[in-house]
Amino acid sequence: VMAEPPEKLLTGVDGQKAAEKIILRWDSSSSDEARDRMLFEGDRQEADRYLSAVDLICNSMQNASMSDSRDPVRLAMARLEDEFRNILIGHSSPPEPDILYVSSYSFSEDDDQDGESEEQEEATPTPRAAETPKSVKGSGLTKMGSSDSMREMDLIPAEAIEDLRKIAARMVAAGYTRECIQAYSSIRKPILDSTFGRLGIERLSIGDVQRLDWPTVESLINRWIRASRVCIRVLFASERRLCDQIFPPDGGAGDACFAEAARSAAGRLFGFADAISISRRSPEKLFKILDLHDAVSDLLPDVENVFHSKPTESIRVQAAEIQTRLGEAARGMLTEFENAIQRETSKVPVPGGTIHPLTRYVMNYISLICDYTQTLTKLINQRPKIDPNSDADPLNRQFQLNADGPAGGEGEEASPLSSHLLFIATILQANLENKSKLYKDPALAHLFLMNNLHYIVQKAKSSPELRQMIGDAWLRRHTGRVRQHATGYQRATWLTILGWLRDEGIHTGGGFSSGVSKSALKERFKGFNAAFEDAHRTQAAWQVPDAQLREELRISVAEKLLPAYRAFLGRFRHHLEGGRHSDGYIKYSVDDLEIALGDFFEGSPGSGHHSRRKSQG
């Protein structure tokens, strides 16, 4: 790295004196010219001559017979430090964020395209064997040989780097490594901090983050995830390379310099993620925490690559610890979500037995959980803990039934994550069972459970990931429960109504061959009409949100009600027709009832008035 001695620079004592003269001439305190001019901005030969003089003076320090050269060396090092700073200042400026983001997507697989899609960027980088760095023409970028994810930029022109390298070599050789590192970091550290600010990486303390509302924090996390890739893979990687280019490969000066320049910015970058990792654990934060965890995990190999040296070990350790704490936070939030479901004890029944907001929230939540299956499968390594107290025994039994196996109950043990999803489904159902008891009408309680279980089943069927996690056996079992509650509703409502259409008690002699008691028959028609009208008025306000389920339930009711009414009408209507006020008893035709059933479960009160038609249906 030493410059060739210019022709007129002598050796020996005379050469040392000439070298000292050159050094003194460029002493900033000796003249205005020396103070105002910079060596490396003018005549290159003058700069080379000065470097040769420095080499000669430094070499003379090794020869005891030569005159004391400490003062010339000190002056030379001070001058070189000024030149070093001046070159860095002249060629250092924060790159524009748009350029950085374009840079982070600048390489395609075959290096022939100008950019790659965001989807390609999101893919996990594939490590390759070390190779000669490849540059993209006109981009100022170089691929880092150890990882395809790195996108190094030329922060400083090659000519300036060469000058900095020459200066750094002499300062390190003369024992002024610390001064050279301080000069570098004093210029480059503010540049990094400024660039981080432009990328939206704010310097926030743990207290600052904890005082922010969650929507603001979500926005900051999104910004951090996007910017962190640029910070690690472009900015820090490029700064690392610049230090390696300027400082000698031996002695660790480049490592120390990079650590000094990057430590503040790295603290700013990871400080935010650190603050998030120890923030209060609440269920609504889970998915952003997982996004942040995945982003940190994706960057860890690059962090290990860029901050590989001993002086930057604390940065590597901090990043790994943040990943660990984010994983712990995610586990804690899942447990808190389970606890929150059990603690939700609202005492106001939802109108009309429709789907409870808790059901929608929980099922949407676990559907989102399935979007993070790959991550959560690694993080969730323990099955849920069931309260051993006697009060929890029914829940425990139900959970064990649900957890028989995720793949159709064929003996395959559920994974820890699958067990948690099944546990969540179990405690949701237990909560819904308790909420169904808030309804005074047993028919409405059955309708409520039918609606909610049907929603749970359909939500599970619509998500292939969730269906795989909970298994077809679970789906079959709960589809059966939907049918059970549909049957329970029909029995609670229509057995009583159909009871008015029985033949028993209508015949005067007690036998079916004897005469018909018109008064008893009138009471039967009157009772049926009142019961049906009450059901119509009440249950038109009840709700079955799923159109297919609503229609199936109406058909099932019609298949029981209409044939029974048609048969009863056929057997007994002639006993009343032609008499006084017969229309007051035979109020409805079969068609009237069928039309009226179309009002049921629509969520709006029925009118209670139906056209009466005397056809027999």
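Residues numbered from 1 in each chain as written. Predicted model: local features only at pLDDT ≥ 70, side-chain atom pairs only at ≥ 80, totals over all residues. Heavy atoms only, no water.

## Thoughts on the overall build of the protein
The criterion, for reference: In this description a helix means any DSSP run of H or I spanning at least four residues, a strand means any run of E spanning at least two, and both kinds are numbered starting from the N terminus. Remark: exposure states derive from per-residue accessible area (1.4 Å probe, protein chains only) relative to the maximum for the residue type, with buried under 20%, exposed over 50%, and partly exposed in between. It only takes one pair of heavy atoms within 4.5 Å for two residues to be counted as in contact. Exposure was quantified through the Shrake-Rupley algorithm and a 1.4 Å probe, taking into account, for residues, occlusion by the shown protein chains and nothing else.
Along the protein, the regular secondary structure elements total 23 helices and 3 strands. Out of the 617 residues in the protein, the part that is buried amounts to 51%. The long-range fraction of contacts in the protein, counting pairs at least 24 apart against all pairs at least 6 apart in sequence, stands at 78%. Accessible area of the protein: about 29,400 Å², with a carbon and sulfur share of 50%.

## As for unusual backbone geometry
Even without a glycine there, the phi angle at Phe 601 is positive, about 65°. Mapping Phe 601 onto the fold places it in the segment after helix H23 (590-597).

## Here we look at the nonpolar core
Within soluble globular proteins, side chains that are nonpolar tend to cluster in buried spots. Applied cut-off: Buried Ala, Val, Leu, Ile, Met, Phe, Trp, Tyr and Cys residues that are joined via side-chain atoms within 4.5 Å together make up what is termed a nonpolar core. Where each domain begins and ends is defined by an automated method or by a domain database.
The biggest cluster of nonpolar side chains holds 175 residues, and the ones touching the most others in it are Phe 84, Tyr 184, Trp 224, Phe 236, Phe 247, Ile 369 and Tyr 489. Per-element accounting of this core gives the leading share, 17 residues, to helix H10 (residues 214-246). If you count residues domain by domain, this core takes at least three from each of domain 1 (354-385 + 393-400 + 415-491) and domain 2 (520-599). When near neighbours in sequence (up to four residues on either side) are disregarded, Phe 84 contacts Leu 164, Ile 167, Ala 168, Cys 180, Ala 183, Tyr 184, Ile 246 and Phe 247.

## Here we look at the pattern of salt bridges
Pairing of side chains with opposite charge becomes possible as their charged atoms draw close. Filter applied, for reference: Salt bridge, as applied in this entry: a Lys or Arg side-chain nitrogen positioned within 4 Å of an Asp or Glu carboxyl oxygen.
Inspection of every chain in the model, using the stated rule, returns 35 salt bridges. Among the ionic pairs, Glu 152 bridges to Arg 241, the shortest N-O distance being 3.7 Å. Of the two residues, Glu 152 is situated in strand E3 (residues 152-153) and Arg 241 in helix H10; the sequence distance between them amounts to 89 residues. For the residue pair Glu 152 and Arg 241, the accessibility class agrees, reading buried in each case. Look at the salt bridges and you will find they share partners, linking Arg 550, Glu 551, Arg 554 and Glu 602 into a network.

## Some points on H10
Convention followed: Each helix should span, by expectation, one fewer than its residue count multiplied by 1.5 Å. Bend is the name given here to the angle between axes fitted to two runs of seven residues, the run ending at a residue and the run starting at it.
Counted at 1.5 Å a residue, the expected span for H10 with its 33 residues is 48 Å, and the 44 Å between its end C-alpha atoms agrees. Maximum bend of H10: about 35°, positioned at Cys 231. Most of H10 sits out of view: 24 of its 33 residues are buried.

## So, the side chain of His 454
In this fold, His 454 is placed in helix H18 (residues 442-462). Taking relative accessible area as the criterion, His 454 reaches 14% and is therefore assigned buried. The contacts of His 454, once residues within four sequence positions are left out, are Val 482, Asp 546 and Leu 549.

## Focus on the packing of helix H21 (residues 518-539) against H23
When two helices pack together, their arrangement is captured by the angle between the axes and the distance separating the axes. Keep this limit in mind: Every axis corresponds to a line fitted to the C-alpha atoms, with the helix fit spanning only the stretch in contact, and the corresponding angles, defined between N-to-C directions, vary from 0 to 180 degrees. For classification purposes, angles smaller than 35 degrees are called roughly parallel, those larger than 145 roughly antiparallel, those between 65 and 115 roughly perpendicular, and all remaining angles oblique. Rotating anticlockwise by less than a right angle from the far helix to the near helix defines a left-handed crossing, while the corresponding clockwise rotation defines a right-handed one. Ten residue types, Ala, Val, Leu, Ile, Met, Phe, Trp, Tyr, Cys and Pro, are classed as nonpolar, four, Asp, Glu, Lys and Arg, as charged, and the remainder, Gly among them, as polar.
H23 packs onto H21 with a crossing angle of 20° between their chain directions and a minimal axis gap of 11 Å. If you check the angle between H21 and H23, you find them roughly parallel. Between H21 and H23 lies a crossing of left-handed hand. Here Phe 528, Phe 532 and His 536 of H21 lie close against H23, whose contacting residues are Leu 593, Ala 596 and Leu 597. Broken down by class, the residue content of the contact of H21 with H23 amounts to 5 nonpolar, 1 polar and no charged.

## Some words on the packing of aromatic side chains
We count it as follows: Ring pairs shown here join Phe, Tyr and Trp side chains whose ring centres sit within 6.5 Å, with only the six-membered ring taken for Trp; geometry is labelled stacked below 30 degrees between planes, edge-to-face above 60, and tilted in between.
Per the counting criterion, the structure on display carries 23 aromatic pairs. Pairing Tyr 184 with Phe 247 gives two aromatic rings, centres 6.1 Å apart and planes at 70°, and the pair type is edge-to-face. With Tyr 184 in helix H8 (residues 177-198) and Phe 247 in the loop between H10 and helix H11 (253-277), this pair connects stretches of sequence that are 63 residues apart. The pair formed by Tyr 184 and Phe 247 is uniform in burial state, with each residue classed as buried. Three or more aromatic residues joined by ring pairs form one cluster here, namely Tyr 489, Trp 494, Phe 528, Phe 532, Trp 542, Tyr 565, Tyr 588, Phe 600 and Phe 601.

## Digging into the side chain of Lys 288
Selection rule: A 3.5 Å cut-off defines polar contacts: any pair of N or O atoms within that distance qualifies, except that in protein one atom must be a possible hydrogen donor and the other a possible acceptor, and neighbouring residues in sequence count only when both atoms are side-chain atoms.
In this structure, Lys 288 sits in helix H12 (residues 286-306). A distance of 3.2 Å separates a polar atom in the side chain of Lys 288 from a polar atom in the side chain of Asp 291. Sequence-distant contacts of Lys 288, defined by excluding residues within four places in its chain, comprise Trp 214, Glu 218, Ile 221 and Asn 222.

## A word on the confidence of the model for the protein
Operational definition: Each residue gets a pLDDT score, which is the predictor's confidence in that residue and runs from 0 to 100.
Residues at a pLDDT of 70 or more form 80% of the protein, whose mean pLDDT is 82. Across residues 608-617 the pLDDT falls below 50, and counting only partners more than four positions away or on other chains, this stretch makes 26 contacts in the model.

## Comments concerning the state of the cysteines
The cut-off we apply is this: In this description, a disulfide is simply a cysteine sulfur pair whose atoms lie within 2.5 Å.
Using the criterion set out here, one finds 0 disulfides in the structure. Free cysteine Cys 243: the closest other cysteine sulfur is in Cys 257, separated by 4.1 Å. Take Cys 243: its relative accessible area is 0%, and that puts it in the buried class.

## Comments concerning the packing of helix H17 (residues 416-436) against helix H20 (residues 472-499)
It is the contact of H17 with H20, at a shortest axis distance of 13 Å, that shows an interaxial angle of 10°. The angle between the axes of H17 and H20 places the two elements in the roughly parallel class. Counted together, Leu 422, Ala 425, Gln 429 and Glu 433 of H17 and Trp 474, His 478, Arg 481 and His 485 of H20 form the full contact between these two elements. For the contact of H17 with H20, the per-class residue count stands at 3 nonpolar, 3 polar and 2 charged.

## Topic: the environment of Leu 75
In this fold, Leu 75 is placed in helix H4 (residues 70-91). In this structure Leu 75 comes out as buried when scored by relative accessible area, which is 18%. The sequence separation of Leu 75 and Ser 29 amounts to 46 residues, and the corresponding C-alpha distance is 9.8 Å.

## Focus on the environment of Ala 531
Along the chain, Ala 531 falls in helix H21. Taking the relative accessible area as the measure of exposure, Ala 531 reaches 17% and is therefore buried. C-alpha of Ala 531 to C-alpha of Ile 497: the two residues are 34 residues apart in sequence and 5.9 Å apart in space. In contact with Ala 531, not counting residues within four places along its chain, are Ile 497 and Trp 500.

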